[in-house]
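Spelled out from the first residue to the last, the chains are:
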Amino acid sequence: MDGDVFNTCNHTNDVLFFYNLVGKKVSSEWTTRDFVVIGLGLTVCVIVVLANLMVMAAIFMNRRFHFPIYYLLGNMAAADLFAGIAYANLMLNTGPWTRALTKKQWYIRGALIDISLTASVANLLAVAVERHQTIVTMQLHSNMTKRRVLLLIVCIWATAIVMGLVPSTFWNCECRLDDCSTVAPLYSRRFLIFWAVLNLLSFFVMLATYTHIFIYVRYQSRYASRHTSELRHGQTVVNLMKTISMVLGAFVICWTPGLVTLLLDGLLGKDSHANSYEKYCLVIAECNSLVNPIIYSLRDDEMRKTFRGILCCLCGRRGRRQKEPPAVEIDSPLPEVLSHPNYI
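Numbering of residues begins from 1 in every chain and follows the order in which that chain's sequence is written. Per-residue local features are limited, in this predicted model, to residues with pLDDT of at least 70; the limit for side-chain atom pairs, both in listing and counting, is 80 or more; totals at the level of whole chains, interfaces and linings are taken over all residues. To get the side-chain values, all heavy atoms of the structure are used, and hydrogens and water are removed first.

Q: Any chance you could explain the packing of helix H4 (residues 68-91) against helix H9 (residues 278-299) here in plain terms?
A: A packed helix pair is summarised by two numbers, namely the angle formed by the two axes and the spacing between the axes. The N-to-C vectors of H4 and H9 enclose an angle of 145°; their axes lie 10 Å apart at closest approach. Read as a crossing pair, H4 and H9 show a hand that is left-handed. The segment H4 lies against H9, with Leu73, Met76, Asp80, Ala83, Tyr87 and Leu90 engaging Leu282, Ala285, Glu286, Asn288, Ser289, Asn292 and Tyr296. Gly falls in the polar group here, along with every residue not listed as nonpolar (Ala, Val, Leu, Ile, Met, Phe, Trp, Tyr, Cys, Pro) or charged (Asp, Glu, Lys, Arg). In terms of residue class, the contact of H4 with H9 is made up of 8 nonpolar, 3 polar and 2 charged. Axis definition: a line fitted to C-alpha atoms, limited for helices to the stretch in contact. Angles are taken between N-to-C directions and run from 0 to 180 degrees. Strands here are runs of E lasting at least two residues and helices are runs of H or I lasting at least four, both read from the DSSP assignment and numbered beginning at the N terminus. The hand of a helix crossing depends on one turn: near helix anticlockwise from the far one by less than a right angle means left-handed, and clockwise means right-handed. For this analysis, residues touch if any pair of their heavy atoms sits within 4.5 Å.

Q: Just checking my understanding: could you explain the side chain of Asn75 for this structure?
A: Along the chain, Asn75 turns up in helix H4. Type-normalised accessible area, obtained with a 1.4 Å probe on protein chains alone, sets the label of each residue: buried when under 20%, exposed when over 50%, and partly exposed for intermediate values. For Asn75, a relative accessible area of 7% translates into the label buried. Setting aside residues up to four positions removed in sequence, Asn75 forms contacts with Asn123, Ile153, Ile156 and Trp157.

Q: How do you make sense of the packing of aromatic side chains when you look at a structure like this?
A: Each aromatic ring pair is characterised by the separation of its centres together with the angle its planes make. Stacked, tilted and edge-to-face pairs are distinguished by plane angle, under 30 degrees for stacked and over 60 for edge-to-face with tilted covering the rest, among Phe, Tyr and Trp rings (Trp via its six-membered ring) whose centres lie within 6.5 Å. What the rule picks out here adds up to 14 aromatic pairs. Ring centres of Trp30 and Phe35 lie 5.5 Å apart, and the angle between their planes is 25°; this geometry places the pair in the stacked category. We classify Phe35 as exposed; its relative accessible area is 55%. Ring plane angle 90° and centroid distance 5.8 Å describe the contact between Tyr187 and Phe191, whose orientation is recorded as edge-to-face. Phe191 shares its class with Tyr187; the two are buried.

Q: Explanation requested: helix H3 (residues 32-61) in the structure shown.
A: Structurally, the α-helix is built with 3.6 residues per turn, so residues lying three or four positions apart point the same way. One fewer than the residue count of a helix, multiplied by 1.5 Å, yields its expected span. Look at H3: 43 Å from first C-alpha to last across 30 residues, which is about the 44 Å you get at 1.5 Å a residue. By the burial criterion, the buried members of H3 are Asp34, Ile38, Gly41, Cys45, Val48, Ala51, Asn52, Val55, Ala58 and Ile59. Looking at the buried side of H3, the elements it contacts are H4, H9 and helix H10 (301-315).

Q: When you look at a nonpolar patch on the surface in this model, what are you seeing that I'm missing?
A: Together, Trp30, Phe35, Leu92 and Trp97 make up a nonpolar patch on the protein surface, roughly 420 Å² of accessible area in all. Mapping Trp30 onto the fold places it in the loop between helix H2 (15-22) and H3. In this structure Trp30 comes out as partly exposed when scored by relative accessible area, which is 32%. A patch is a set of surface residues, each over 30% in relative accessible area and not in a salt bridge, joined within 9 Å for like charges and within 5 Å for the nonpolar side chains Val, Leu, Ile, Met, Phe, Trp and Tyr. For every accessible area listed, the method is Shrake-Rupley and the probe measures 1.4 Å; residues are considered covered only by the protein chains on display. By definition here, a salt bridge exists when the distance from a side-chain nitrogen of Lys or Arg to a carboxyl oxygen of Asp or Glu is within 4 Å.

Q: What's the story with the state of the cysteines in this structure? I'm lost.
A: Disulfide: a covalent bond connecting the sulfur atoms of a pair of cysteines. Cysteine sulfur atoms are paired as a disulfide whenever they come within 2.5 Å of each other. Within this structure, the stated rule accounts for 1 disulfide. Here Cys173 pairs with Cys180 through a disulfide, and the sulfurs are 2.1 Å apart. Taking the torsion about the S-S bond as the criterion, the Cys173 to Cys180 disulfide, at about 95°, is right-handed. With respect to class, Cys173 is no different from Cys180; both count as buried. In this structure Cys254 is not part of a disulfide, and its nearest cysteine sulfur, from Cys287, lies 6.6 Å away. Overall, Cys254 belongs to the buried group, its relative accessible area being 9%. Sulfur of Cys313: no disulfide; nearest cysteine sulfur belongs to Cys312 and is 7.1 Å away. Judged by relative accessible area, which is 31%, Cys313 ranks as partly exposed.

Q: I would appreciate a short explanation of unusual backbone geometry in the present structure.
A: Phi at His273 is positive, roughly 55°, even though this residue is not glycine. With a relative accessible area of 56%, His273 lands in the exposed category.

Q: When you look at the environment of Val260 in this model, what are you seeing that I'm missing?
A: Counting through the fold element by element, Val260 comes out in helix H8 (residues 228-268). Distance in space between the C-alpha atoms of Val260 and Val197 is 8.8 Å, their sequence separation being 63 residues.

So this is what it looks like as structure tokens:
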């Protein structure tokens, strides 16, 4: 009899019903801690959005960045920007506000975060493939056309949107109440297992790809050491790979705790006690969207100069700089710059 109840579809149940079912508490009154968390969270979200807007603007304005790898990094910044918006929406629909959410609003709140994660993972996979294709031939940039890059970016976001809509359309626990997650009460635990395993496997594939690339570059560098031009080119490739690897490493470090938490919740349910530490994992994941602009600023001299040019434009301090062409107005990539070992 109990099994029939738990397997009966009843779409009239509200969000609070599922929270009470899995034992996840929803506060009814605002506390000082709630205001501090939401205030800090929204502040970080604003910084994330502005920082990634600057990265996208830099790639758009500086023609030295008009190459497939930078278009993909710009799309990565767009995914981080989207993540900032998703987290801001989460901050504005959490705590006591959760009680007022309809199921549609709750699904949208989760879908936004799912879309941002899928877009980031798919984009990193695309970067890994692009780097593998170019570096095995010791090239700095691939010959991929802008049309193909645009098509790839469209496919990335289409995949992200589809994956974000899966839980709300058919893979949830509304018809199987015994399958409800404790972290995301309307999500199916089986979906969380699938979701976590898929992303963790993607991490391993990317790590294996970059490891193979580094071994190949190191092997080829031994033969290029006899020629100065080839050595500089090899150093440039390695520096570019180091920057991208830092982006990948930061992403894996920030997102792995959250994915492991979802996996444990899917496998163990209430026995995983995931609710006691899921918020910390979410904070770590949110920080990842702020890390990439910092990495670009520290690793790429040209990107840093472009950032300064954009900030000077915004601050209105362009008077003395009009006689000299700013970095953001360069028309074509210079071979000597692209082969410089300090370029990215």
